[in-house]
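Examining the three-dimensional arrangement
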Amino acid sequence: MEKTADLTVSAARHARGRGVPRRLPVLTTLCGLLLLAGCAGDSPSALNPGGAGATRVAGLWWLLFWISVAVFAEVMALLVWALVFRRGNARVRHGQPLRFVTIAGAGLPFVILVAVYGVGLRDLAALGDGPGPDAPTVEVTGHKWWWEVRYQGASGATANEIHIPVGERVKVRLRTDDVLHSFWVPQLMPKTDLIAGETRETWLRAERAGSYRGQCAEYCGTQHAHMAFLVVAQPRTDFDAWLARLDAPAREPRTEAERRGQQAFVQGTCAACHAVRGTGAAGRVGPDLSNVGSRWSLGAGAVPNDAGHLGGWIANAQTVKPGNAMPPQPVDAAQLPDLIAYLRSLE
């Protein structure tokens, strides 16, 4: 019996001594897989910055990450040391634990926290330093559930799409038409909340040309997830050309189908809520459709902008994005292809 008990104790000690180190590679692998699971090439991640604002956020994030890694590694090393190498009786000199706790448990964390706080204040001041008075100004209004975009000095408007010149700071004035929203372009700038009755300001700057997806980051109702937008950064000449088109009348119909579609749009129920520059349609309830044919999506990211989805949206937008403000439209089946052709021609 005593021999069996000794074997049991020996086996338990062997498991304690050898089991912990063997589990560490498994835990490390699992942590690495979890980190990789959140990575994607087209993900609008703040850790893949495309502008000065997001670069500062990413830098602060990585600083905190590596500090956390260092602390975790130290704690795990001490745990392994305590479990594996400190078995049995060990003499500890008087005052040694107090010095260790004072230095490692109080002094070092204090220095780290003060340093991180200082870096945070530096980045906060840089993010709050807005563009100059001559910078392009974009006015963005949040609606349930889409974004209205207007440019200072231009009469036209667009929706769910913001164009900016590469390498320049652009001032963004934010308002909400209903509930709380939050304007967030992860690759360019931190979040800015839209509060009813207030005009908030932020700025955008992209260091390279491309498209950067944004999102409402404040829960605002049933279609909060489908309240996305796109920031398109382009060279200054292309931006000026796009802004000139935004201020000009919409493209005239070129085919018979497009002409019939324009007539159906202006004379039907569409014109009561939507506008198309240069026509009799001047509604302000829904998005301006003067360049709807070139937009990246329908319904603020709900579905792709193609003929099939556009037809479904016109006939009954509630089947595409339930709860939005657009009711089913009484469009004759014979007129629907012409209306689709006209809207897709508006670029």
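Residues numbered from 1 in each chain as written. Predicted model: local features only at pLDDT ≥ 70, side-chain atom pairs only at ≥ 80, totals over all residues. Heavy atoms only, no water.

1. A few points about the pattern of salt bridges
With the rule as written, the count across this model stands at 13 salt bridges. Residue Glu139 is joined to Arg175 by a salt bridge in which the shortest nitrogen-to-oxygen separation is 3.9 Å. Taken together, the residues span a long stretch of sequence, with Glu139 in strand E1 (residues 137-143) and Arg175 in strand E5 (residues 170-176) at a distance of 36 residues. Measuring nitrogen to oxygen at the nearest pair gives 3.4 Å for the salt bridge that ties Glu201 to Arg173. Here Glu201 is found in strand E8 (residues 200-204), whereas its partner Arg173 is found in strand E5, with 28 residues between them in sequence. Through salt bridges with shared partners, a single network forms among Arg56, Arg122 and Asp123. (Salt bridge = Lys/Arg side-chain N within 4 Å of Asp/Glu carboxyl O. Helix = DSSP H or I, 4+ residues; strand = E, 2+ residues; numbered from the N terminus.)

2. A look at helix H5 (residues 256-267)
The end-to-end C-alpha distance of H5 is 16 Å, a good match for the 16 Å that 12 residues give at a rise of 1.5 Å each. The set of residues buried in H5 consists of Glu258, Gly261, Gln262, Ala264 and Phe265. Projected down its long axis, H5 carries its buried residues within an arc of 165 degrees, all on one side. Those residues of H5 that are buried are in contact with helix H7 (336-345). (Expected span 1.5 Å × (residues − 1). Buried < 20%, exposed > 50% of the residue type's maximum accessible area, 1.4 Å probe, protein only. Arc of directions from axis to C-beta. Contact = heavy atoms within 4.5 Å.)

3. A short note on the nonpolar core
Tyr151, Ile162, Phe183, Leu204 and Val231 are the most contacted members of the largest nonpolar core, which totals 31 residues. Those residues in contact with Leu204, other than ones at most four positions away along the chain, are Ile164, Glu168, Arg169, Val170, Val172, Phe183, Val185, Leu188, Met189 and Val231. Formed by 17 residues, the second largest nonpolar core is a distinct cluster that contains Val276, Leu298, Val303 and Leu346. (Core = buried A, V, L, I, M, F, W, Y, C linked by side-chain atoms within 4.5 Å.)

4. A few points about H7
By the burial criterion, the buried members of H7 are Asp338, Leu339, Ile340, Tyr342, Leu343 and Ser345. The inward-facing, buried residues of H7 contact H5 and helix H6 (307-315).

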